[in-house]
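Chain residues, written in single-letter form:
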Amino acid sequence: MKHDFGQNPVKMLMLCFECVAMAGSRLVNVINLGRMGFMSAYSVQKNFVRQMLDTVASGQRVHGQNVLLLVEHNPVYTIGLRDHTYTDTIASQLRTKGAEFYKTDRGGLITFHGPGQLVVYPVLNLHEFEPSMRWYVSTLEKTMIKTCKHFDLEATTTDNVGVWVQDRKIGAIGVHGSRFVTHHGIALNCNTDLAWFKHIVPCGIEGKEVTSLSKELQQPVLIKDTISAFLQSFEREFQCSFSFAYMEDSDLDLITKEQFVPQERKKISVRPQW
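Residues numbered from 1 in each chain as written. Predicted model: local features only at pLDDT ≥ 70, side-chain atom pairs only at ≥ 80, totals over all residues. Heavy atoms only, no water.

A.B. asks: Outline the overall build of the chain, listing residues and values.
C.D. replies: Across its full length, the chain holds seven helices and eleven strands. For the chain, with 274 residues in total, the buried portion stands at 57%. Contacts in the chain between residues far apart in sequence, at least 24 positions, make up 77% of those at least 6 positions apart. Total accessible area on the chain is roughly 12,800 Å²; 49% of this is exposed by carbon and sulfur atoms. (Helix = DSSP H or I, 4+ residues; strand = E, 2+ residues; numbered from the N terminus. Buried < 20%, exposed > 50% of the residue type's maximum accessible area, 1.4 Å probe, protein only. Contact = heavy atoms within 4.5 Å. Areas by Shrake-Rupley, 256 points an atom, 1.4 Å probe, with all protein chains shown as cover.)

Right under this line is the structure:
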């Protein structure tokens, strides 16, 4: 369910920090933003980042501020800090395809976000985990690989950042860190319309295809089918615990309902042990 963050994107969400602040380190609050435009979701991220940076600057050790934002974007192309290949003219041309276009402060080159893609923005204080951006990117990759494995799909890393099924990219990573406080994150293609990627060179890598869970498994895999597997994988790889204080009943159904498995296997009920 999409929550209404229009007037004050963090007012309600910040209330949960008071009750979880003493719960210990590596506690991560899971928040489902639902379907939301890129800039609206970016505003939510930045509010959490500012609060966490203020805490870090003060020297306080306040636990429970880590956040995992789940979102599905409207069609949008974004580029990273060092991508100077896309001029205003090209950006205008991409907008005529029906997508927005934004320059961002993340790493990486151009990519696409849109319907059918699970986008996750972790706002984490890496001092509570491992103060290393290299470790962080690697752990995000492992999380997506484990998520794919839940569907009996073998994914791996290569010399290029991201997650791949052979030479087809299924998961992208673009992050930013300041004083080891992170934002931006990952995008995992579930049932994304891959035609959107044909208008760009995804992540600046020539001659490589983009794929999705649905394409690889030859049957529909929706975002809602993927969330539970992703959260379980994130929990294991980051060795954290979750708070679902601001997940509504319809959101909680996404992590307790019967999950998708390949057709040749009997479906089982997957209930995360949180």
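From this point, the narrative continues.
A.B. asks: So what's going on with the sheet that holds strand β5 (residues 111–113)? Which residues, and what values?
C.D. replies: Pairing in this open sheet of three strands is mixed, and the strands run β4-β3-β5 from one edge to the other. Strands with a single pairing partner mark the edges of an open sheet, and in this sheet they are β4 (100–103) and β5. Across the sheet, the axes of successive neighbouring strands diverge by a mean angle of 25°, strand direction being ignored. When strand β3 (residues 76–79) meets β5, the two strands line up antiparallel, connected through three bridges. Paired with Val76 across the strands is His113, a residue of β5. (Pairing = 2+ DSSP bridges. Axes fitted to C-alpha atoms, helices over the stretch in contact; angles between N-to-C directions.)

A.B. asks: Tell me what's going on with the nonpolar core, and back it up with residues and numbers.
C.D. replies: Grouped together as the largest cluster of nonpolar side chains are 42 residues, with contacts concentrated most on Leu213, Phe230, Leu231, Phe234 and Phe242. Residues Phe48, Val49, Tyr121 and Val123 belong to the second largest nonpolar core, which totals 19 residues. (Core = buried A, V, L, I, M, F, W, Y, C linked by side-chain atoms within 4.5 Å.)

A.B. asks: Explain empty space enclosed by the protein to me, and be specific about the residues and the numbers.
C.D. replies: Enumeration according to the criterion identifies two cavities of 30 Å³ or more in this entry. In this structure, the largest cavity encloses a volume near 80 Å³. Forming the boundary of the largest cavity are 13 residues, of which Thr111, Ala172, Asn189, Phe197 and Val210 lie nearest the centre. Among the elements of the structure, β5, β8 (168–178) and β9 (181–189) are those that each provide at least two residues to the lining of the largest cavity. Per element, the largest residue contribution to the lining of the largest cavity is four residues, and it comes from β8. A per-class count over the lining of the largest cavity returns eight nonpolar, four polar and one charged. (1 Å grid on protein atoms, 1.4 Å probe; cavity = no way out; pocket = protein on both sides within 12 Å on 5 of 7 lines; lining within 4 Å. Points joined across faces, edges and corners; volume = space filled by probe spheres on them. Nonpolar A, V, L, I, M, F, W, Y, C, P; charged D, E, K, R; others polar.)

A.B. asks: Summarise the side chain of Thr104; cite the residues concerned and give the values.
C.D. replies: The residue Thr104 is located in the loop between β4 and β5 in this model. Residue Thr104 is classed as buried on the basis of its relative accessible area of 11%. A polar contact is formed between the side chain of Thr104 and the backbone oxygen of Ile79, at a distance of 2.9 Å. Within the structure, the side chain of Thr104 is placed 3.3 Å from the backbone nitrogen of Arg106, a separation counted as a polar contact. Not counting the four nearest positions on each side in its chain, Thr104 is found in contact with Phe38, Thr78, Ile79, Gly80, Leu81 and His184. (Polar contact = N/O pair within 3.5 Å; in protein donor to acceptor, adjacent residues only side chain to side chain.)

A.B. asks: So what's going on with unusual backbone geometry? Residues and values would help.
C.D. replies: The phi angle of most residues is negative, glycine excepted, and most peptide bonds adopt the trans form. Within the chain, Gln166 stands out as a residue other than glycine whose phi angle is a positive 55°. Checked against the element boundaries, Gln166 lands in the loop between β7 (163–165) and β8. Of the residues examined, Gln166 reaches a relative accessible area of 62% and is grouped as exposed. In this model, Phe180 sits at a positive phi of 65°, which is unusual for a non-glycine residue. Relative to the helices and strands, Phe180 is located in the loop between β8 and β9. The class for Phe180 is partly exposed, based on a relative accessible area of 29%.

A.B. asks: Can you tell me about the layout of surface pockets, naming the residues and giving the values?
C.D. replies: Of the pockets and cavities examined, the largest pocket occupies roughly 300 Å³. Sort the elements by how many residues they give to the lining of the largest pocket and β8 lands first, with five residues. For the lining of the largest pocket, the class distribution of residues is 13 nonpolar, ten polar and two charged.

A.B. asks: How would you summarise the environment of Val49 if you had to cite specific residues and measurements?
C.D. replies: Within the secondary structure layout, Val49 lies in helix α2 (residues 38–58). Assessed through its relative accessible area of 4%, Val49 is described here as buried. When the C-alpha positions of Val49 and Val67 are compared, they lie 9.5 Å apart, and in sequence the two are 18 residues distant. Residues contacting Val49, with those up to four places away along its chain left out, are Val123, Val181, Thr182 and His183.

A.B. asks: Explain the pattern of salt bridges residue by residue, including any values.
C.D. replies: Throughout the structure, instances matching the rule amount to five salt bridges. For Lys149, the salt bridge is made with Glu154, and the minimal N-O distance between the two is 3.2 Å. When its relative accessible area of 55% is taken as the criterion, Glu154 is described as exposed. Beyond isolated ion pairs, a larger network of salt bridges with shared partners links Asp167, Arg168 and Glu216. (Salt bridge = Lys/Arg side-chain N within 4 Å of Asp/Glu carboxyl O.)

A.B. asks: Give a description of helix α6 (residues 223–238) that names residues and reports values.
C.D. replies: Helical periodicity: at 3.6 residues per turn, an α-helix aligns residues three or four positions apart in one direction. Relative to the 22 Å expected for 16 residues at 1.5 Å per residue, α6 spans 21 Å between its end C-alpha atoms, a close match to the ideal helical length. For α6, a buried count of 14 out of 16 residues is recorded, marking the element as mostly surrounded by other parts of the structure. Remark: Gln239 follows α6 within two positions and exhibits a positive phi of approximately 50°. (Expected span 1.5 Å × (residues − 1).)

Geometry only, nothing functional implied.
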